[in-house]
Amino acid sequence: VYPPPIETSKTSKRGVHRLAIIGAGAVGSAFAFSQVTAAGARELILADIDVRRAEGQVMDLSHCVPLSRPMQIRAGGLDVVENCDMIVITAGAAQLPGESRLDLVKRNADILASMVPVLAKANPTSILCIITNPVDVMTRLAVKLSGFPKERVFGTGTVLDSSRFRLLLSLYLGVDARNVHGYVIGEHGDSEVLVWSHSSVGPYRLLPYAELVGKPLTAGMREHFTREVRTAAYQIIERKGATNFAIGVSTQRIYEAIHQNQSSMMTVCRALDGVYGFDDLCLSIPCLLTRDGVARPTPLELDPDEHRAFMASAETIDNVYRQLGVV
Ligand SMILES: NC(=O)c1ccc[n+]([C@@H]2O[C@H](COP(=O)([O-])OP(=O)(O)OC[C@H]3O[C@@H](n4cnc5c(N)ncnc54)[C@H](O)[C@@H]3O)[C@@H](O)[C@H]2O)c1
């Protein structure tokens, strides 16, 4: 048979028909809006501890339905989240001025601890996608709290950061961003790693291509791009208080890959399951997304500097997780 069918680990026929978004704030509502305006789930549940807020978002979103596509949208608390195919968690405290990163970790870990076991029980076959920051630590915690298989719990990781990287390269080189393949791996945050050695433009390796077209990516340029990608969120938050549109669209892209069983390769955050010697640690590297969730990653052969930076990123995240004292 040509072409051969794409094989998945299971023969499940499921798609994402009932989707829940937990947290109806800036991020949750941006993803919900992507759902309403693009191909999305038949049934969308928006849940928040602030039920009035979720209701307001749902009222507003449902006014799009006659203009976009038939779907049901409901609001509520966690109790309405049952038998979902996929749950996206955006609920979480935002960092306050003067607060340390660890303070935020503890607060959001407490929020996840209060909801993940409840959600796992009421949605035993669901896929869990974590957005709440720090996403790498929260994803590992969600694996633990849910008891779900590792392929069914992952975080949006550096999908957004890879998109930011691709945009910068596209603008600099003057090439359609869809032809630019750039990957950011490791932490979704300050220690993330831009993988220069495996980025490409169409069929060309990135660095030789940039030389060839007279726009070399010198060490200084690479440092500048790295800084821009790493600080993008800070720059946006300084100006508008939150980042939401691009994470909303990133999550929509992830949703489509799973719902349509696309076998897309994306830098989501997942338990490394033996890759680079880590097991439960959750971090982003390119992974395949199918209707079964996120497949176990394949190790990527990094150049020595990138490998060192990835290992440092892993150590940072592992330390933050261990300080939570979860066994
Ligand atoms: N991973 C990423 O790429 C990425 C990008 C942007 C933001 N984020 C993170 O997403 C999270 C949400 O950001 P936001 O801007 O939407 O914040 P927000 O304050 O606008 O919304 C958070 C929502 O969570 C709700 N909430 C809090 N505790 C809850 C609970 N126990 N149960 C149910 N709902 C609860 C709040 O009522 C609020 O509506 C933050 O942790 C933020 O850092 C991650």
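Above this text you will find the structure in question.
Reading the values: rules and limits
- Every residue gets a number counted from 1 within its own chain, in the order that chain's sequence is written.
- The predicted nature of this model means local features are confined to residues of pLDDT at least 70 and side-chain atom pairs, given and counted, to a pLDDT of 80 or more, with totals for whole chains, interfaces and linings taken over all residues.
- Remark: hydrogens and water are excluded; side-chain values derive from all non-hydrogen atoms of the structure.
- The method works on a 1 Å grid over the protein atoms by themselves. A cavity is a set of points holding a 1.4 Å probe that cannot get out, a pocket is an open set with protein on both sides within 12 Å along at least five of seven lines, and residues with an atom within 4 Å of a point line them.
- Grid points are joined across faces, edges and corners, and a volume is the space filled by probe spheres set on the points.
- The helix and strand labels rest on DSSP assignments: H or I over at least four residues marks a helix, E over at least two residues marks a strand, and numbering proceeds from the N terminus.
- Basically, the charged four are Asp, Glu, Lys and Arg, the nonpolar ten are Ala, Val, Leu, Ile, Met, Phe, Trp, Tyr, Cys and Pro, and anything else, Gly included, counts as polar.
- Note: two strands are recorded as paired if DSSP finds a minimum of 2 bridges between them.
- When accessible area is computed with a 1.4 Å probe and restricted to protein chains, residues below 20% of their type maximum are described as buried, those above 50% as exposed, and intermediate ones as partly exposed.
- Any N or O atom pair separated by 3.5 Å or less is treated as a polar contact, with the protein-specific requirement of one donor-capable and one acceptor-capable atom, and with residues adjacent in sequence counted only for side-chain atom pairs.
- Throughout, a residue-residue contact means that at least one pair of heavy atoms, one from each residue, lies within 4.5 Å.
- By convention in these notes, a residue is near a molecule or strand provided one of its non-hydrogen atoms lies within 4 Å of it.
- Per-residue and other accessible areas were derived by the Shrake-Rupley procedure at a 1.4 Å probe size, with only the shown protein chains allowed to occlude residues.

Chemist: I'd like to hear about the layout of surface pockets, residue by residue, with values.
Modeler: Here the second largest pocket defines a volume of roughly 470 Å³. Lining the second largest pocket are 19 residues, with Val-159, Ser-163, Arg-166, Arg-253 and Met-266 sitting closest to its centre. Listed by contribution, the elements that provide at least two residues to the lining of the second largest pocket are helix 5 (159-173), helix 8 (245-259) and strand 12 (264-266). Counting residues per element, the lining of the second largest pocket draws most heavily on helix 5, at 6 residues. For the lining of the second largest pocket, a count of residues per class yields 9 nonpolar, 7 polar and 3 charged.

Chemist: Lay out the sheet that holds strand 16 (residues 293-294) in plain terms, naming residues and giving numbers.
Modeler: Spatially, 3 strands are ordered 12-15-16 in an open sheet, and the strand pairing comes out antiparallel. At either margin of the open sheet sits one strand with a lone partner, and together these are strand 12 and strand 16. Examined bridge by bridge, strand 12 and strand 15 (residues 287-290) share 3 bridges and lie antiparallel to one another. Note that in strand 15 the partner of Met-265 across the bridge is Leu-288.

Chemist: Quick one: what's the story with the side chain of Ser-250, residue by residue and with numbers?
Modeler: Within the secondary structure, Ser-250 sits in helix 8. Note on Ser-250: relative accessible area 7%, which makes it buried. From its side chain, Ser-250 meets the backbone oxygen of Ala-246 in a polar contact 2.7 Å long. The contact partners of Ser-250, leaving out residues within four places of it in the chain, are Val-159 and Leu-160.

Chemist: I'd like a description of the site of the ligand, backed by residues and values.
Modeler: Surveying the vicinity of the ligand reveals 23 residues, the closest of which are Ala-26, Val-27, Asp-48, Arg-53 and Ile-131. In the environment of the ligand, an oxygen atom lies 3.0 Å from a nitrogen or oxygen atom belonging to the side chain of Asn-133. Side-chain polar atom of His-188 to an oxygen atom of the ligand: 3.1 Å apart, as the coordinates give it. Contact with the protein chains removes 84% of the 870 Å² of surface that the ligand exposes when unbound. Of all the elements in the fold, those that place two or more residues in the shell around the ligand are helix 1 (26-37) and helix 3 (101-122). Looking at the shell around the ligand, the element that brings in the most residues is helix 3, giving 3 residues. Looking at side-chain class alone, the shell around the ligand contains 11 nonpolar, 10 polar and 2 charged residues.

Purely geometric stuff here, so don't read any function into it on its own.
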